[in-house]
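Each chain, letter by letter, is given below.
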Amino acid sequence: MRLFGKFLLLLLFISALSLALGISVVEISGIDVSHYIYVSIVIAIVALFVAGSILEPIERMNEAFRKVVSGELDRVKVETGDEFEELARTFNWMVEELERERKSLKESEERFRSVVEEIDGWLFELNENYEITYTSPNVKDYMGYSDEEITGRKITDVVESFPIEKLEKENKFEFEFLGLNGTLHSFEVTVKRANGIYRCFARNISHRKRIERELAFFREILEHSVDAIVILDTDSRIMVWNRGAEMMFGYSAEEAIGKPLTFLLPREQWEQCRRNFRKAVLEGHVKDIESLRIRKDGSTLIVDQTLTSIYDSSNELVGFVAIMRDITRRKKAEIDLKNTCEELERRTREILEVQKELMHLANIVENSNDAIYSVNMDGVITSWNRTAEKLFGWTKSEAIGMNSSELLPDEIKSETEFIIRRLRSGEEDLRFETRRLRKDGRVIDVEVTISPLFDEQRELTGFSVISRDVSLKKESEREAERRMLKYEVEKGRVYFAESFDLAVDVINDLIKCGYTGKVISRRYPELIGVHEDNHLMLAERRKERTLEPDPEKIYREIVNMPGWKNAVLLDLDYLLLKRNFEEVYELLQKLKDVFFVLNKGVLVVVSDSDLIGENEMKLLRMECAVIKAKDIELPNEIFDVLRYIYSKNRMGIRPSIKDVMSNFNITRNTAKKRITHLIDKGLIKIIKDGRLKTLEVTDEAKEMLRAV
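Along each chain, the written sequence defines residue order, and numbers are assigned to residues from 1. With the structure being a predicted model, the display of local features is reserved for residues of pLDDT at least 70 and the display and counting of side-chain atom pairs for 80 or more, all residues being used for whole-chain, interface and lining totals. To get the side-chain values, all heavy atoms of the structure are used, and hydrogens and water are removed first.

A.B. asks: I'm lost on helix H21 (residues 581–597) in this one. Help?
C.D. replies: Note on helix geometry: an α-helix contains 3.6 residues per turn, so any two residues three or four positions apart are oriented the same way. For H21, built from 17 residues, the straight-helix expectation of 24 Å at 1.5 Å per residue is met to within 8% by its first-to-last C-alpha distance of 24 Å. Think of it in three bands: with a 1.4 Å probe and only protein chains considered, a residue is buried below 20% of the maximum accessible area for its type, exposed above 50%, and partly exposed in between. Under the DSSP-based scheme used, a helix requires at least four consecutive residues in state H or I and a strand at least two consecutive residues in state E, with every element numbered from the N terminus. Among all positions in H21, only Phe 581, Val 584, Tyr 585, Leu 587, Leu 588, Leu 591, Val 594, Phe 595 and Val 597 are buried. The positive-phi residue at the C-terminal boundary of H21 is Asn 599, with phi of around 55°. A helix's residues, less one, multiplied by 1.5 Å, set its expected span.

What follows is the structure in structure tokens.
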């Protein structure tokens with residue numbers, strides 16, 4: 001009806017306009033106006049009738065179209081003339097085509113979404129606020145949320161790592177996120193933008209990313225492996241040549257790729273190489289192929305090769321991979337090991353023989369008459385024989401693990417440290433007389449021999465000690481020395497003399513009692529009254545029987561004197577001219593330790609000049625003892641004869657007058673005078689032994705010597 005009304009108004013407007021124009025024309029042309037009005041009314045009535053017959057079906061058709069579009073009817077049905085029915089049929093055909101297109105589009109969209117889900121992808125749409133307006137149901141497989149739970153939420157609330165900035169600028173980008181189950185997902189997102197809507201398709205590329213990472217990992221292994229890794233085609237031509245192969249054979253990748261593997265082999269091994277390839281095809285791989293290879297420089301090496309067949313997804317052979325490791329050194333080592341084993345077998349046989357000898361020696365050591373034990377570098381006893389048990393009183397189980405200082409009296413507790421220092425400095429054997437403490441607290445005199453112990457690398461590991469009890473002998477010798485010596489000096493001590501003559505007299509007296517004498521002085525031997533053999537000249541120039549004024553060399557000279565009955569005179573004056581007092585004082589301290597710990601003998605140091613100040617003299621006296629002469633009524637030369645006869649008697653020998661003459665290098669008359677003087681004093685007596693007259697001390701002489 002709205003259409004009809006509009007059409008009627010238009011018709012009236014046109015009729016009025018036509019009437020006005022017609023009247024104007026009539027007036028001009030002279031036609032009767034009433035006649036024109038009559039004609040116009042007839043035409044208007046006819047037009048109204050025609051318009052009604054036309055517009056009514058059009059109105060009905062319009063109403064039908066509206067209902068079809070709104071869905072109230074499924075097709076247009078109009079009972080009109082033929083033209084309008086044809087128009088309705090055409091429109092119905094168009095509606096049917098449109099419906100078919102709509103269904104087809106819906107099916108296509110459903111198929112697309114189904115395909116998206118099947119190809120492991122996530123389809124979603126975002127509005128201009130980046131809120132999810134649609135998501136495919138398979139979102140739960142990735143995020144753990146259903147599509148209803150995330151629809152309407154902002155994408156960054158669901159996927160915190162989602163790159164919003166890329167959404168605006170890029171059509172394709174990648175991102176990763178952790179699902180609720182802790183699985184890392186990787187997606188490649190394709191974005192379509194339209195009317196503020198972002199339609200996104202996120203293709204799951206986790207598998208591809210994992211493969212890429214694995215390939216990168218294997219590529220790094222391939223490139224940085226020290227083994228030669230070579231990939232070959234089915235014709236055994238080189239396709240891949242890694243850095244390890246470059247380093248092993250000297251060829252660059254450009255030089256090696258395209259060549260057959262046989263270019264690395266001697267010609268006589270080509271046939272074996274072909275057999276290895278056939279075996280790899282049949283069995284899948286060949287391991288432990290030891291073969292010769294030729295480097296670029298012509299040198300050869302031995303490799304251990306593994307050859308493996310490579311197949312594609314359809315199980316078609318596409319090539320081989322050869323992994324070669326240089327075993328040249330290993331093979332050489334194997335040969336050396338074989339030779340070593342043979343040598344070891346030979347040495348084992350020798351060791352068995354030596355072991356028998358060692359067992360024999362161990363039996364000797366265990367049953368030796370001397371106490372034998374060993375000490376490690378910490379001073380702990382590590383072995384202990386039966387004689388040691390008897391001599392010192394500790395059983396083997398008690399002694400092993402005990403510190404060796406338990407065997408030392410208090411005054412020589414530092415002996416072990418001193419011995420270790422000497423052995424570290426290169427001493428091979430030390431022999432000296434010393435004292436040992438038994439378990440019961442009694443101190444005994446022993447003669448010890450110290451020998452170093454080494455390991456296979458000649459590293460010092462300790463030392464062995466051979467001890468022999470000399471208590472009875474030493475007591476007798478000490479008693480004899482006390483009687484025979486004119487001065488109260490004791491072995492193992494250092495003495496200071498302010499008079500050079502006194503020092504020389506002490507040394508000569510010790511020499512007469514069996515000591516080995518040595519005078520180290522700047523003064524000539526004929527001037528100081530000692531034999532040339534007992535003299536060592538201090539001098540800057542090296543000559544025979546001279547010694548440089550060097551404290552270390554003097555120390556070595558004295559320490560290396562053999563035995564432990566040494567009488568040494570050291571003149572300090574010339575030494576003080578060449579060296580400072582601190583060096584000389586340190587030398588005396590070291591010599592004091594040697595003579596005291598090793599019981600080396602008697603050392604007399606002398607200085608009769610003004611080179612030593614008052615304070616320095618105090619230091620010397622602190623380190624040195626004072627020499628005291630014994631109170632003897634006899635003249636020295638007669639006392640020497642008495643002492644000589646007494647020492648011989650102790651050895652079971654009665655000397656004759658001729659022996660006295662020879663020993664003292666005196667005439668017969670002089671010898672008789674001295675002997676007569678001793679006879680008159682009642683100190684000796686003459687014993688006839690056949691035709692020979694011999695001399696023997698009396699009990700009174702023994703008492704006198706014992707007293708002094």
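A.B. asks: Can you help me understand empty space enclosed by the protein in this one?
C.D. replies: Rolling a probe over the atoms, with the probe sized like a water molecule, indicates the empty space that remains. Buried and open spaces are told apart on a 1 Å grid over the protein atoms alone, a cavity being a set of points where a 1.4 Å probe fits but cannot get out and a pocket being an open set with protein on both sides within 12 Å along at least five of seven lines. Residues with an atom within 4 Å of a point are the lining residues. Grid points are joined across faces, edges and corners, and a volume is the space filled by probe spheres set on the points. Scanning the model with the defined rule gives one cavity of 30 Å³ or more in all. Its volume calculated, the largest cavity comes out at about 60 Å³. Lining the largest cavity are Tyr 373, Val 375, Ser 404, Leu 407, Leu 408, Glu 415, Thr 416, Ile 419, Arg 436, Phe 463 and Val 465. If you list the elements that add at least two residues to the lining of the largest cavity, you get strand S11 (371–376), helix H15 (415–424) and strand S15 (460–469). If you tally residues by element for the lining of the largest cavity, the top one is H15, at three residues. Charged residues are taken to be Asp, Glu, Lys and Arg, nonpolar residues to be Ala, Val, Leu, Ile, Met, Phe, Trp, Tyr, Cys and Pro, and polar residues to be all remaining types, Gly included. Among the residues forming the lining of the largest cavity, the class breakdown is seven nonpolar, two polar and two charged.

A.B. asks: I tried to follow the packing of aromatic side chains on my own but got confused; where do I start?
C.D. replies: Two aromatic rings are characterised by how far apart their centres lie and by the angle between their planes. Two rings belonging to Phe, Tyr or Trp (six-membered ring only in the last case) form a pair when the distance between their centres is within 6.5 Å. Interplanar angles under 30 degrees mark stacking, angles over 60 mark edge-to-face geometry, and anything in between is tilted. Taken as a whole, this structure holds 18 aromatic pairs when the rule is applied. Arranged with centres 5.3 Å apart and planes meeting at 45°, the rings of Tyr 373 and Trp 384 form a pair that is tilted. With Tyr 373 in strand S11 and Trp 384 in strand S12 (residues 381–384), this residue pair connects regions lying eleven residues apart in the sequence. In this pair, the class of Tyr 373 matches that of Trp 384, namely buried. What links up through ring pairs into an aromatic cluster is the set Trp 122, Phe 124, Phe 162, Phe 173, Phe 175, Phe 177 and Phe 187. When the ring centre of Phe 500 is taken as origin, the NZ or CZ atom of Arg 523, which lies over that ring, is 3.9 Å away. Note on geometry: a ring has a charge over it if NZ (lysine) or CZ (arginine) is within 6 Å of the ring centre and within 35 degrees of the ring normal. One cation-aromatic arrangement involves Lys 590 over Tyr 555; the distance from NZ or CZ to the ring centre is 4.3 Å.

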